[in-house]
Structures are given as C-alpha cells and as structure tokens.
Amino acid sequence: MDDVTLRHNQKMKRIKAARDEMMKTKTEEKGLIIVHTGAGKGKSSSGFGMIMRCIAHGMPCAVVQFIKGNWETGEKTFLRERFAEDCRFYVSGEGFTWETQDRERDVAAAQNGWRMAKEQILDPEIQFVLLDEINIALRYDYLDIDEVVDFLLTQKPRMTHVCLTGRNAKPELIEAADLVTEMTLTKHPFKDGVKAQKGIEF
C-alpha cells in the first residue's frame, strides 16, 4: 500500500469513527415541518422528490397545490394517472396571481386550499403532505401566517411530515420549521430569453 492510499484509509477510518459516535446521539423520530424557499429553482422539485420517496416506502401522502392552478404540470399528470392510490393530489389555485387579476378569487382559492391542507394533515392515514407554493399565498396575505404556524405547531399529528414550498417564506414560518432550505439563484436561462420548458420547469 503506497503512502497516499494509506493516509486516505486512515483519514476515512477517523471520519467513520467520528460519524458513528455522532449517530449514537440521533435517536428521536418526529414528523418534520420542512420549508423550501429562496429565489433559486428546485423548491417544488425537491418537494415532489420526497413524494416519490414516500410512495416508494409505502407512506400514503398528499399534495395540495396553491397558485399554479390548472397549469398542466408533469408531476400532477404523473401522480394522478399512475399513483392516485398512493398520493392524493388537490389543486386550489386558479393560476398565478398576475393572471387571475382578482384578489378576492385568489384569497378564496387559497382559503379553500388551506382547508384541504388541514384535512390531509389531520388524516391519520396520511404521513406526508406537500403544500406546494403555499409561501406565495402567505406572502400576499391570502392566508393568515399566525393561523398556519399555530396549526402546524399545535394540531399537526406528531409523526406527520409537512413540506411547504415557495419563495419568500415568512420569518414566522422559518422560525417554526424543523428543516429550512433556501435555494440560491446563481444562473437561470430565463434571463437569456429561454422560456419555461417541459420536464424542467413543469
């Protein structure tokens, strides 16, 4: 064994020992409040990635999609046509806010989505709920942030996971969450005139 390989093996052994020691302290299980926010791409994509994991593990799950409305996304088609028994899929929005041009309708749609979201979160059969783009509804005050946070902290079943996506997550939600990831925008083809494309954005 040469010196480079020997040093590498010794380093990996030290890392493994430290990792094993750390993992001994990680014993708790709980349903997480997860927030995906930030200006970068990937917030909803990551949430739907977790939906796929849940389906693979036999964990019943649900999606409540805010804002996007009747936009025919690949994930909606995929889940409704192929995994309807594993994942419930609800759409509450009528489209992006700049398309509806009607605040009262947007508020009503968001309130209806939140009603469906609470039903799914409280359902003892459901183990993971994705609230896609709910942060947009919260940002425009279509929903009361205090009501949403209070419900998640006091009424969400202990082992149910809830993932909330959308840019500009409110500080109150970030504070309440167990796991927060901010997607950072480094570069996006939209700035170069490239439109949203199938399989990438929807």
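What comes next is a walk through the structure. (Residues numbered from 1 in each chain as written. Predicted model: local features only at pLDDT ≥ 70, side-chain atom pairs only at ≥ 80, totals over all residues. Heavy atoms only, no water.)

Attention now moves to the sheet that holds strand β2 (residues 61-65). The six strands are arranged β3-β2-β4-β5-β1-β6 in an open sheet whose pairing can be described as parallel. Strands with a single pairing partner mark the edges of an open sheet, and in this sheet they are β3 (87-91) and β6 (179-182). Each neighbouring strand pair of the sheet contributes to a mean axis angle of 10°, computed without reference to strand direction. Sheet analysis places strand β1 (residues 33-37) next to strand β5 (residues 161-165), joined by four bridges and oriented parallel. The residue of β5 that forms the bridge with I34 is C163. Along the sheet, helix α2 (residues 43-56) contacts β1, β2, β3, β4 (128-132) and β5; its crossing angle with β4, the most-contacted strand, is approximately 160°. Along the sheet, helix α3 (residues 74-82) contacts β2 and β3; its crossing angle with β3, the most-contacted strand, is approximately 135°. (Pairing = 2+ DSSP bridges. Helix = DSSP H or I, 4+ residues; strand = E, 2+ residues; numbered from the N terminus. Axes fitted to C-alpha atoms, helices over the stretch in contact; angles between N-to-C directions. Contact = heavy atoms within 4.5 Å.)

Before going further, it helps to examine the packing of α2 against α3. Two elements in contact, α2 and α3, have axes separated by 12 Å at closest approach and are oriented at 15°. The angle between α2 and α3 falls in the class roughly parallel. α2 and α3 meet at a crossing whose hand is left-handed. Between α2 and α3, the contacting residues are F48, I51, M52 and I55 on the first element and E75, F78 and L79 on the second. Of the residues belonging to the contact of α2 with α3, the class tally is six nonpolar, no polar and one charged. (Parallel < 35°, antiparallel > 145°, perpendicular 65-115°, else oblique. Left-handed = near helix turned anticlockwise from the far one by under 90°. Nonpolar A, V, L, I, M, F, W, Y, C, P; charged D, E, K, R; others polar.)

In this structure, F66 sits in the loop between β2 and α3. Taking C-alpha positions, F66 is 47 Å from R14, a pair spaced 52 residues apart along the chain.

Core analysis: the largest hydrophobic core is formed by 31 residues, its most contacted members being L131, L143, L152 and L164. When residues no more than four places from it in sequence are discounted, the contact partners of L152 are I33, I121, V162, L164 and L173. In this structure, I51, I55, L79 and C163 belong to the second largest nonpolar core, which totals 15 residues. (Core = buried A, V, L, I, M, F, W, Y, C linked by side-chain atoms within 4.5 Å. Buried < 20%, exposed > 50% of the residue type's maximum accessible area, 1.4 Å probe, protein only.)

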